[in-house]
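So the chains spell out like this:
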Amino acid sequence: MNLSMTRIQAILIKDYKEFSRNYAVSLMVLMPLFLAFLYSKSGSATIATYFLSINIAFSMVTTYVQCCLIAEEKEKNTLRSLMLSPASLGDILIGKSLFVFIITMVIVALIIFIVGYSPANLFILAIALILSTVFYIAIGTLCGLFAKTVMEGSLIILPVILIFSFGPLALALSSSSPISKIAEWLPSSQLVLLAEALEGTYTTMDVIIPMVAIIVWSLVTWIAAGFIYKKRMVD
Amino acid sequence: MNAVIDVQHLKKTFNKEVALQDVSFTIQKGEIFGFLGPSGSGKTTTIKILTAQTEKTDGDVLLFGRPANEMKQSNNRKRFGILTDNSGLYTRLSIEENLLLFSNLYQLPKSAVKEALDFVNLYSDRKKKISQLSKGMMQRVTLARAIMHKPELLFLDEPTSALDPVNTQHIYNGLRKLNEMGTTIFLTTHDMSEAEILCDRVAFLHKGKIRAIGSPKDLKKEFGDESITVELKNGACEVIQTGEQDAEKLFHWMQSNEVSRIYTNEPTLGNIFMQITGSDLV
Ligand SMILES: Nc1ncnc2c1ncn2[C@@H]1O[C@H](COP(=O)(O)OP(=O)(O)OP(=O)(O)O)[C@@H](O)[C@H]1O
Ligand SMILES: [Mg+2]
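What counts as what
- Residues numbered from 1 in each chain as written.
- Chains lettered and ligands numbered in written order.
- Predicted model: local features only at pLDDT ≥ 70, side-chain atom pairs only at ≥ 80, totals over all residues.
- Heavy atoms only, no water.
- Salt bridge = Lys/Arg side-chain N within 4 Å of Asp/Glu carboxyl O.
- Helix = DSSP H or I, 4+ residues; strand = E, 2+ residues; numbered from the N terminus.
- Buried < 20%, exposed > 50% of the residue type's maximum accessible area, 1.4 Å probe, protein only.
- Core = buried A, V, L, I, M, F, W, Y, C linked by side-chain atoms within 4.5 Å.
- Contact = heavy atoms within 4.5 Å.
- Phe/Tyr/Trp six-rings, centres within 6.5 Å; stacked < 30°, edge-to-face > 60°.
- Pairing = 2+ DSSP bridges.
- Axes fitted to C-alpha atoms, helices over the stretch in contact; angles between N-to-C directions.
- Polar contact = N/O pair within 3.5 Å; in protein donor to acceptor, adjacent residues only side chain to side chain.

Colleague: It is not clear to me how the pattern of salt bridges should be interpreted in this structure. Could you clarify?
Modeller: Side-chain pairs of opposite charge can arise whenever the charged atoms involved come near each other. Tallying each qualifying case throughout the model produces 21 salt bridges over all chains. In this structure, A:Arg21 and B:Glu97 form a salt bridge, with 2.9 Å as the shortest nitrogen-oxygen distance. Remark: B:Glu97 occurs in helix H3 (residues 95-105) and A:Arg21 occurs in helix H1 (residues 5-21); the pair is interchain, linking two chains. Residue classification places B:Glu97 among the buried residues on the basis of a relative accessible area of 17%. One continuous salt-bridge network, built from bridges that share partners, spans A:Lys14, A:Asp15, A:Glu73 and A:Lys96.

Colleague: I would appreciate a short explanation of the nonpolar core in the present structure.
Modeller: With 54 residues, the main nonpolar core has B:Leu175 and B:Phe204 as its most contacted residues. Residues in contact with B:Phe204, not counting those within four places in the same chain, are B:Leu36, B:Met192, B:Lys209, B:Ile210, B:Arg211, B:Ala212, B:Leu219, B:Leu269, B:Ile272, B:Phe273 and B:Ile276. One finds A:Ala57, A:Val65, A:Cys68 and A:Ile157 within the second-largest nonpolar core, a separate group that totals 53 residues.

Colleague: Hey, could you run me through the packing of aromatic side chains in this one?
Modeller: The way to describe two aromatic rings as a pair is by their centre distance and the angle between their planes. All names here are of chain A. Tallied over the entire structure, the rule returns 19 aromatic pairs over all chains. Ring plane angle 85 degrees and centroid distance 6.2 Å describe the contact between tyrosine 136 and phenylalanine 164, whose orientation is recorded as edge-to-face. Of this pair, tyrosine 136 sits in helix H7 (residues 122-146) while phenylalanine 164 sits in helix H8 (residues 150-166), and the two are 28 residues apart along the sequence. Assigned by exposure class, tyrosine 136 and phenylalanine 164 land together as buried.

Colleague: Where do I start with the sheet that holds strand E13 (residues 259-264) of chain B in this structure?
Modeller: Where strands meet in a sheet, backbone hydrogen bonds hold them as pairs that are either parallel or antiparallel. Residues and elements named next belong to chain B. The strand order across the open sheet built from 3 strands is E12-E11-E13, with neighbouring strands paired in antiparallel fashion. The open sheet terminates on both sides in strands that have one partner only, identified here as strand E12 (237-241) and E13. Adjacent strand axes in the sheet meet at a mean angle of 25 degrees when their direction is disregarded. Relative to E13, strand E11 (residues 227-232) runs antiparallel, the two sharing 5 bridges. Following the sheet pairing, leucine 232 is matched in E13 by valine 259. Packing against the sheet, helix H9 (residues 244-255) makes contact with E11, E12 and E13, and its axis sits at approximately 140 degrees to E12.

Colleague: Sorry if this is basic, but what is going on with the side chain of A:Thr63 here?
Modeller: All names here are of chain A. Mapping threonine 63 onto the fold places it in helix H4 (residues 47-75). In terms of polar contacts, threonine 63 uses its side chain to reach the backbone carbonyl oxygen of tyrosine 136, at 3.0 Å. The residues touching threonine 63, leaving out its near neighbours within four places in the chain, are Phe58, Tyr136, Ile139, Gly140, Ile157 and Val160.

See below:
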């Protein structure tokens, strides 16, 4: 694929401008920050509550924004005009994802700051957060390609928020319940389990298994997105 | 081997509906070619196939001597520009920001944006958001985007349908200038006078088939009659043929100072279209 830094940057800047003037979407970004603020005031300082805010940010910022950006390009026919220019699909997707990646990192960093979370191993946690972001961008891409309009995209995104952001709450159920068994393997739960392990004495496996789980989720989702693209975008 | 576009026996069906039955034409480098036809005749579909946005069902379609499908490649996309009816502009960005985006995608110098804005007479409006523009202004922005990278081949799908006469004239002049610099232009229109003013050759498309093709002059010669109408001062209208016999009649009227008006019965392209297809052009 033909990639160009100039073009990727042009797409990124364009997405930033469009996003910052689209209040319906850009105000959503503040929601997780507000939640984090409420939690910090409630005084329940556990890893699980820290990550409730972070996992909500992943679906409400990362996935939602990526989904809306892509759905809107389809709805307004701008994707067509980009595809008729020398911009390759890679340029468009990387430019967009890079933008969403940057705002995700800023929001997650702010949440960590607001709730007063100081991870025992920042390096490993940062890698896990980055891998998670890539996964949530993939889900957003998948939903955005699936939706024909922004409206549709906002609806499709609801179950995603429900499952991925609130799934880890099932970890609190007794570990023998089947719901908890399934929820445990969500990438969001794996992130919480990893963060909890990092706070105590942990083995290499405690780190590798969650990382691999998140990477597998990511790969499968990107492949599904590629498949949907082929089906939806060729007429 | 100077054909920029070479289409032979092109066929396109959507599910079972036939959009293009059997379309053949070639366009030489430097031509302005008009594709005329009523709504639903397949003009946009043809452009979509030529620009590799839609797959053909059958036939051969060559651009620059290569299969049209290769126009999907990033480098080949620089060779053509396209204006379509759905603008695909970013509504929250200004005119200038939209053009700046595309100048970066085409990796053009900064001056290209100003040149394109001047071309469509929008330089003083450049800070306006797309969402605040009239239809005609939007059409001009799309045109600016289409010509900004000075493509070899330009596809214009009804380029002046929303423009006022002043801007239409401005755009015509610009297009002629581009054409003189070597740009080949493929344009579709419902507007017969536009075709006459601008096009070296035109093709009449009707129900997915080309019914006639040639220069406006040749078509008029082929399908027009050679008669002249003479309006006399007593109010009578006489239709005479060009030729010696009727010339005497005319001479006689003129001598006796009876003539009030003379005009040719040259058909318009619209008349010819109706004559050939038996249907109107809109
Ligand atoms: N994506 C599509 N799916 C199904 N049918 C289509 C599609 N695109 C075009 N058609 C059909 O193909 C025929 C030709 O359409 P086309 O858009 O090429 O006409 P046109 O000459 O550009 O008309 P207009 O002057 O209104 O723009 C029409 O009958 C239309 O219904
Ligand atoms: Mg059309």
